[in-house]
Amino acid sequence: MTAQGIYINVSLRNDDLPQLIEEYLEKFNLSKADTVAEILRAYPKLLAYM
């Protein structure tokens, strides 16, 4: 069995994203992968709210 992974490449224009993920990581008390997953799951709800 091989390991699966998702890699996020952040461009220089978005250099604030790693810090933003770290802030949510502390807020949610989750791992980085779980934090990004939580943000992605909440995104459709945000769009529906708007």
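Placed above this text is the structure.
Residues numbered from 1 in each chain as written. Predicted model: local features only at pLDDT ≥ 70, side-chain atom pairs only at ≥ 80, totals over all residues. Heavy atoms only, no water.

### Remarks on the packing of helix α1 (residues 17–28) against helix α2 (residues 32–49)
Alright, step 1. Following both chains from N to C, one finds α1 and α2 inclined at 95°, their axes separated by 9 Å at the closest point. Overall, the two elements α1 and α2 adopt an arrangement that is roughly perpendicular. Contacts between α1 and α2 involve Ile 21, Glu 22, Tyr 24, Leu 25 and Phe 28 on the former and, on the latter, Lys 32, Thr 35, Val 36, Glu 38 and Ile 39.
Alright, step 2. Considering only residue class, the contact of α1 with α2 consists of six nonpolar, one polar and three charged. (Axes fitted to C-alpha atoms, helices over the stretch in contact; angles between N-to-C directions. Helix = DSSP H or I, 4+ residues; strand = E, 2+ residues; numbered from the N terminus. Parallel < 35°, antiparallel > 145°, perpendicular 65-115°, else oblique. Contact = heavy atoms within 4.5 Å. Nonpolar A, V, L, I, M, F, W, Y, C, P; charged D, E, K, R; others polar.)

### Digging into unusual backbone geometry
Alright, step 1. Even without glycine at this site, Asn 29 takes up a positive phi of about 60°.
Alright, step 2. Mapped onto the elements of the fold, Asn 29 is located in the loop between α1 and α2.
Alright, step 3. Its relative accessible area of 68% is what places Asn 29 among the exposed residues. (Buried < 20%, exposed > 50% of the residue type's maximum accessible area, 1.4 Å probe, protein only.)

### Some thoughts on the pattern of salt bridges
Alright, step 1. The tally for this structure, following the rule as stated, stands at one salt bridge.
Alright, step 2. Between Lys 32 and Glu 22 there is a salt bridge whose closest N-O contact spans 3.2 Å. Highlighted residues: Lys 32 in helix α2 and Glu 22 in helix α1, separated in sequence by 10 residues. (Salt bridge = Lys/Arg side-chain N within 4 Å of Asp/Glu carboxyl O.)

### Overview of the side chain of Thr 35
Alright, step 1. Note on placement: Thr 35 falls in helix α2.
Alright, step 2. Given the relative accessible area of 0%, Thr 35 is considered buried.
Alright, step 3. A polar side-chain atom of Thr 35 sits 2.7 Å from the main-chain carbonyl oxygen of Ser 31.
Alright, step 4. Excluding residues within four positions of it along the chain, Thr 35 makes contact with Ile 21, Tyr 24, Leu 25, Phe 28 and Leu 30. (Polar contact = N/O pair within 3.5 Å; in protein donor to acceptor, adjacent residues only side chain to side chain.)

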